[in-house]
Amino acid sequence: MSGPLLKDKSAVIYGGGGAIGGAIARVFAREGARVFIAGRTQEKLDAVASDIAATGGTVETALVDVLDQQAVEKHADAVAATAGGIDIAVNAVSVMHDQGTPLADLSLEEFMRPIDGFLRTLFITSKAVVRHMGGERPGVILTLSEPGAKLAVGGILGHAVSAAGKEVFSRVLAAELAPRDVRVIGIRPHAVVDAPAAGSYTGGLFEQAAAAAGQSIQELLEGGAMAQGTLLKRLPTLSEVAETAAFLSSDRAGTMTGTIVNLSGGAIVD
């Protein structure tokens, strides 16, 4: 039987106290990684760390504002000094944004919020970790986007542009870092069906759509329009996203880079 996928790897997860970031952290630890989770809410980080410690995993937490470039670089330097380098970095940071407002009613601030927020965090975190990757210690950077990167539907201008920007960022960065043996892969899940129950900000994001449909948020995600718009007629789970992230970060996916892994259930057919 083969051993853990990520044995002896060091992994930094930004947004590690969130629903997706926490799920990834738990799976990474189960697969043998030394996990460093960073975020803005100590209580959420502690909850994830407690779960990992209870199963014998190795985890450290840090309060870090990912919009503070100096703080992120300082934290990455400290992780690298502790672990001897950084093997894996995951950006699972969330930025609350608007979905559903047409251009006529959308303010410039609302349009720019996800574009500036998501892309700024990608730039800051990637620049901080890449100094500690590559060469004799191959690295992996994982990013997260959404089907909005490909969908042509009304009312998601800022969201769609930010999602497309994250995917372009990943592809171009992969080309730049490939000579250093650093892989960059984007993961594109759809709305994650069990994320709101795990405390995800998407619970608030989908309130308006659920109310318009006369459904609870969970009903909307389990059998509503988003699920019915996929080929599988269901949305991905936190476990599916996290297990995929672990495989992509492992040596078994060692030739994968510069691509977007589609976990939208067929909402987007690449």
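As a reminder, the structure under discussion sits directly above these lines.
Attention in this report is confined to the structure presented alongside it. (Residues numbered from 1 in each chain as written. Predicted model: local features only at pLDDT ≥ 70, side-chain atom pairs only at ≥ 80, totals over all residues. Heavy atoms only, no water.)

1. Notes on the overall build of the protein chain
Here is step 1: On a plain count of helices and strands, the protein chain comes out with ten helices and seven strands.
Here is step 2: The C-alpha atoms of the protein chain give a radius of gyration of 18 Å, which matches the 18 Å a tight globule of 270 residues would have.
Here is step 3: C-alpha atoms of the protein chain, sized along the principal axes, occupy 50 × 35 × 35 Å.
Here is step 4: The proportion of buried residues among the 270 residues of the protein chain is 51%.
Here is step 5: A separation threshold of at least 6 residues defines the contact pool for the protein chain, and within that pool the share at least 24 residues apart is 72%.
Here is step 6: Across the protein chain, the 22 positively charged side chains and the 29 negatively charged ones have centroids separated by 5 Å. (Helix = DSSP H or I, 4+ residues; strand = E, 2+ residues; numbered from the N terminus. Rg over C-alpha atoms; globule rule 2.2 N^0.38 Å. Buried < 20%, exposed > 50% of the residue type's maximum accessible area, 1.4 Å probe, protein only. Contact = heavy atoms within 4.5 Å. Lys, Arg positive; Asp, Glu negative; His and termini not counted. Charge placed at Lys NZ, Arg CZ, Asp CG, Glu CD.)

2. Things to note about unusual backbone geometry
Here is step 1: In this model, Asp181 sits at a positive phi of 65°, which is unusual for a non-glycine residue.
Here is step 2: With respect to the helices, strands and loops of the structure, Asp181 is situated in the loop between helix H5 (157-177) and strand S6 (182-189).
Here is step 3: A positive phi is found at Lys233, a non-glycine position, where the angle reads about 60°.
Here is step 4: Mapped onto the fold, Lys233 is located in the loop between helix H9 (225-228) and helix H10 (238-249).
Here is step 5: On the basis of relative accessibility, which here comes to 44%, the residue Lys233 falls in the partly exposed class.

3. Details of the packing of aromatic side chains
Here is step 1: This model, assessed by the stated rule, comprises zero aromatic pairs.
Here is step 2: The ring of Phe118 carries Lys166 above its face, with NZ or CZ at 3.6 Å from the centroid. (Phe/Tyr/Trp six-rings, centres within 6.5 Å; stacked < 30°, edge-to-face > 60°. Lys NZ or Arg CZ within 6 Å of the ring centre and 35° of its normal.)

4. A look at the sheet that holds S6
Here is step 1: Strand order in this open sheet of seven strands is S3-S2-S1-S4-S5-S6-S7, and the pairing throughout is parallel. Unpaired on one side and paired on the other, strand S3 (58-63) and strand S7 (259-263) mark the two borders of the sheet. The mean inter-strand angle of the sheet, taken between neighbouring strand axes irrespective of direction, is 20°.
Here is step 2: Pairing of strand S2 (residues 34-39) with S3, which is carried by six bridges, proceeds in the parallel orientation. (Pairing = 2+ DSSP bridges. Axes fitted to C-alpha atoms, helices over the stretch in contact; angles between N-to-C directions.)

5. Focus on the pairing of strand S1 (residues 10-14)
Here is step 1: For S1, the tally of buried residues reaches five of five residues, placing the bulk of the element in the interior.
Here is step 2: In terms of strand pairing, S1 meets S2 through five bridges, oriented parallel. Of the residues in S2, the one forming a bridge with Val12 is Phe36.
Here is step 3: The parallel pair S1 and S2, bridged by helix H1 (residues 19-30), forms a crossover whose chirality is right-handed.
Here is step 4: Here four bridges tie S1 to strand S4 (residues 88-91), and the two strands are oriented parallel to one another. Paired with Val12 across the strands is Ala89, a residue of S4. (Right-handed = clockwise from strand over helix to strand, strands pointing away.)

6. Things to note about the environment of Leu142
Here is step 1: Along the chain, Leu142 turns up in strand S5 (residues 139-144).
Here is step 2: Along the chain, Leu142 and Arg183 lie 41 residues apart, while their C-alpha atoms are 8.4 Å from each other.
Here is step 3: If we skip the residues at most four places from it in the chain, Leu142 touches Phe28, Ala89, Val90, Asn91, Ile185, Ile187, Ala245, Leu248 and Ser249.

7. Here we look at the environment of Ala128
Here is step 1: Along the chain, the position of Ala128 falls in helix H4 (residues 108-130).
Here is step 2: Sequence separation of Ala128 and Ala175 is 47 residues, and the distance between their C-alpha atoms is 18 Å.
Here is step 3: What Ala128 contacts, discounting residues up to four positions off in sequence, is Val72, Glu73 and Ala76.

8. Some details on the side chain of Glu146
Here is step 1: Residue position: Glu146 is located in the loop between S5 and H5.
Here is step 2: The exposure class of Glu146 is buried, given its relative accessible area of 18%.
Here is step 3: At 2.8 Å, the side chain of Glu146 forms a polar contact with the side chain of Lys166.
Here is step 4: The contact partners of Glu146, leaving out residues within four places of it in the chain, are His159, Ala163, Lys166, Glu167, Arg188 and Pro189. (Polar contact = N/O pair within 3.5 Å; in protein donor to acceptor, adjacent residues only side chain to side chain.)

9. A short note on the nonpolar core
Here is step 1: Judged by nonpolar contacts, the single largest core of 36 residues is most densely connected at Ile13, Phe28, Val35, Ile37 and Leu142.
Here is step 2: In terms of residue count, the dominant contributor to this core is H1 (seven residues).
Here is step 3: Not counting the four nearest positions on each side in its chain, Phe28 is found in contact with Leu6, Ala11, Ile13, Ala33, Val35, Ile88, Val90, Leu142, Ala245, Ala246 and Ser249.
Here is step 4: Counting residues in hydrophobic clusters, the runner-up holds 26 residues, among them Val12, Val93, Leu173 and Leu177. (Core = buried A, V, L, I, M, F, W, Y, C linked by side-chain atoms within 4.5 Å.)

10. What to know about H4
Here is step 1: In a regular helix each residue adds 1.5 Å, so 23 residues correspond to 33 Å; H4 covers 33 Å between its end C-alpha atoms and thus fits that length.
Here is step 2: Packing partners of the buried residues in H4 comprise S1, helix H3 (69-83), S4, S5 and H5. (Expected span 1.5 Å × (residues − 1).)

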